[in-house]
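Structure at a glance
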Amino acid sequence: MTDVVILDYGSGNLRSAQRALESTGVSVTVTSDFEAALNADGLVVPGVGAFSACMTGFNSVRGAQIIERRLAGGKAVLGICVGMQIMFDSSTEHLDTDGEQANWTGISQWPGVVEKLQAKVLPHMGWNTVTSPEQSLMFAGLENERFYFVHTYAVTRWTLKPEGAFRAPLVTWTNYEQDFVAAVENGPLWATQFHPEKSGPAGLRLLQNWVDTL
Amino acid sequence: MSLALRVIPCLDVDNGRVVKGVNFANLRDAGDPVELARAYGQAGADELVFLDISASSSNRETTLEMVRRAADEIFIPLTVGGGVRTPEDVDRLLRSGADKVGINTAGLANPDLISEASRRFGNQCIVLSVDVRRSTDAASGFEATTHGGRQSSGRDALEWIVEAVERGAGEILLNSMDADGTKAGFDIELITKVRAAVNVPIIASGGAGKVEDFYPAVQAGANALLAASVFHFGQITIAEVKSELSSHNVVVR
């Protein structure tokens, strides 16, 4: 049976992600165990709350090493919400908080800065549409669906261009008074700014699409 | 592309059972929160709110179990409020499968609870639930109440809402005690005042009686609309509300 680990590195609702993934027919373990996270067929990196608090928790379970090793071996990783944001270079969240926690450096799988959205009402909370590339595996069968977002920060500029042997990642966008990155598919590394585990049948289908790649 | 306005049914729960009569078609057990939640999920609810009105704290474990069962089956956001007094209460609810936690009376008694909970868990999961009524004693004309509107908190509602947002509340569940139960429409004056004061999402609650009541609340600045009895008794459906909103060019799911 395909096994998935949800990396447990802080508090929050991990139960929904676990149950949603289980509904796709995989076995799911919620753990911070290094070896388990390294060896699972699929690894989910969740994340809610402040970027810096997430990075502190992520570092405490040697998250960056886990991701690096898995990706080097071509093993699937799915980042969700702040779990996607930490894949980028950095966040500007420290500029808006007291600055005591300086853990605003991400793990730089992709170039980019996580910035505060400019909308009048924040957090961006609720069901929004997305625009995905035609070749997307993540959104196969999910054209015109809405997904559940809840966040204040996002990546608004995508700067990575295809280069040499590297295929450009597939970037999915959404809009809340401005465009920002809603999802990325980059070989074994996938990530969503929204919560597929909270996005009803459409979200479950997206998780199924990911599980089908494992 | 744009964000959809949210329509949210609220279920009052006591000792793991839905209270206040619920008359929802085709349910085996209309008092089972999980079965109702599933039905509402299929009916197009964008989120669900569970309000735990248990008087006894010994019923809290029952509530956690109910949240677990609901979260195991329904993959839309769940907000749970009622009796949340400490950051540990918030943690337990989140770990049981709640996505957001409503803080009401305990926040008024101890505003640091909101600061601490939002620091630990993120402001996106801390909902300030506030029961508001008109009062000539309050500068804004509105005061925050406790005990379901029966007692004054002594705080100006607008001032309290602004403070709670500064402390890290990520959303306001704005319940008008004056409109609650009247079915005469949402409290437009209150929603308008709160919209002008804060920039977090507002869930308007209290007063929904017919489908035409919902659009004015959106115009006043609500980002989500909550109702209980009109949905429970099948007087209006979520689909009817969304269709009405849609006719006014409000984006719905």
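Anything mentioned here points back to the structure above.
Along each chain, numbering runs from 1 in the same order as the chain's sequence is written. Lettering of chains starts at A and numbering of ligands starts at 1, both following the order in which they are written. Residues qualify for local features only when their pLDDT is at least 70, as the model is predicted, and side-chain atom pairs are given and counted only at 80 or more; totals for whole chains, interfaces and linings, by contrast, use all residues. The basis for every side-chain value is the complete set of heavy atoms in the structure, and neither hydrogens nor water enter the calculation.

Re the sheet that holds strand β1 (residues 3–7) of chain A
All names here are of chain A. We treat two strands as partners when DSSP finds at least two bridges between them. Put simply, DSSP marks the helices as runs of H or I at least four residues long and the strands as runs of E at least two long, and each gets a number from the N terminus on. The strand order across the open sheet built from 7 strands is β2-β1-β3-β4-β12-β11-β10, with neighbouring strands paired in mixed fashion. Lying at the two open borders of the sheet, with one neighbouring strand each, are β2 (27–31) and β10 (170–175). Averaged over all adjacent pairs, the angle separating strand axes in this sheet is 20 degrees, with direction ignored. Bridging between β1 and strand β3 (residues 42–45) involves 3 bridges; their strand directions are parallel. Bridge assignment links Ile 6 to a residue of β3, and that residue is Val 44. A fitted line through C-alpha atoms serves as each axis, taken over the contacting stretch for helices, and the angle formed by two N-to-C directions is quoted from 0 to 180°.

Some thoughts on the packing of aromatic side chains
Side-chain rings of Phe, Tyr and Trp (the six-membered ring for Trp) are treated as a pair once their centres are within 6.5 Å; stacked means planes under 30 degrees apart, edge-to-face means over 60, and tilted covers the remaining angles. Per the stated rule, a full pass over the model turns up 12 aromatic pairs over all chains. Seen in terms of ring centroids, A:Phe88 and A:Trp110 are 5.3 Å apart; in terms of plane orientation they differ by 55 degrees. Their pairing is tilted. Placement of A:Phe88 in the loop between α5 (82–85) and β5 (90–91) and of A:Trp110 in the loop between β5 and β6 (113–116) is noted, with a sequence separation of 22 residues between them. Of the two residues examined, A:Phe88 and A:Trp110, each falls in the buried class. Positioned over the ring face of A:Phe34 is A:Arg62, at 3.8 Å from the centre of the ring. The ring of A:Trp127 has B:Arg253 lying over it, and the distance from NZ or CZ to the ring centre is 3.6 Å. Think of it in three bands: residues with accessible area under 20% of the maximum for their type are buried, residues over 50% are exposed, and the middle band is partly exposed, with areas taken using a 1.4 Å probe on protein chains only. Here, a charge over a ring is recorded when the distance from Lys NZ or Arg CZ to the ring centre is within 6 Å and its angle to the ring normal is within 35 degrees.

Some thoughts on the sheet that holds strand β9 (residues 153–155) of chain A
Residues and elements named next belong to chain A. Taken in spatial order, the 3 strands make up an open sheet running β5-β6-β9, and their pairing is mixed. Edge positions in the open sheet fall to β5 and β9, since each of these has one partner strand only. Here β6 pairs with β9 via 3 bridges, running antiparallel. Bridged to Glu 115 within β9 is Ala 154.

Quick look at the interface of chain B and chain A
Taken together, the contacts link 37 residues of chain B with 36 residues of chain A. Between chain B and chain A, roughly 2800 Å² of surface is buried when both sides are summed, and carbon and sulfur atoms account for 57% of that area. Any Lys or Arg side-chain nitrogen found within 4 Å of a carboxyl oxygen on Asp or Glu counts as a salt bridge. Across the chain B-chain A interface, the total number found is 3 salt bridges. A salt bridge links B:Asp99 to A:Lys198; the nearest nitrogen and oxygen atoms lie 2.7 Å apart. Contributions of two or more residues to the side of chain B that touches chain A are made by α2 (60–73), α3 (87–96) and α5 (112–121) of chain B. A total of 4 residues in the side of chain B that touches chain A trace back to one element, the largest contributor, which is α3(B). A class-by-class count of the residues in the side of chain B that touches chain A yields 16 nonpolar, 8 polar and 13 charged. We call two residues contacting when some pair of their heavy atoms lies within 4.5 Å. Two parts lose some accessible area (1.4 Å probe) when they are put together, and adding that loss for both gives the buried area. Here the term charged refers only to Asp, Glu, Lys and Arg, the term nonpolar to Ala, Val, Leu, Ile, Met, Phe, Trp, Tyr, Cys and Pro, and the term polar to all other amino acids, Gly among them.

Describing helix α1 (residues 15–22) of chain A
Across the 8 residues of α1(A), 6 count as buried, placing the element largely inside the fold. Within α1(A), the full set of buried residues consists of A:Arg15, A:Ser16, A:Ala17, A:Gln18, A:Ala20 and A:Leu21. Packed against the buried residues of α1(A) are β1, β2, β3 and α6 (200–211) of chain A together with α2 and α3 of chain B.

Topic: the environment of B:Ala37
Residue and element names in this part refer to chain B. With respect to the secondary-structure elements, Ala 37 resides in helix α1 (residues 33–42). For Ala 37 and Phe 75, which are 38 residues apart along the polypeptide, the C-alpha to C-alpha distance reads 10 Å. Excluding residues that lie within four positions of it along the chain, Ala 37 makes contacts with Leu 11, Leu 48, Phe 50 and Ile 74.

Some thoughts on the packing of α2(B) against α3(B)
Residue and element names in this part refer to chain B. Two numbers describe how α2 lies on α3: the axes approach to 8 Å, and their chain directions differ by 30 degrees. Relative to α3, α2 is oriented roughly parallel. On α3, the residues that touch Leu 64, Val 67, Arg 68 and Ala 71 of α2 are Arg 92, Leu 93 and Ser 96. A per-class count over the contact of α2 with α3 returns 4 nonpolar, 1 polar and 2 charged. Throughout, the term roughly parallel applies to angles under 35 degrees, roughly antiparallel to angles over 145, roughly perpendicular to angles from 65 to 115, and oblique to all others.

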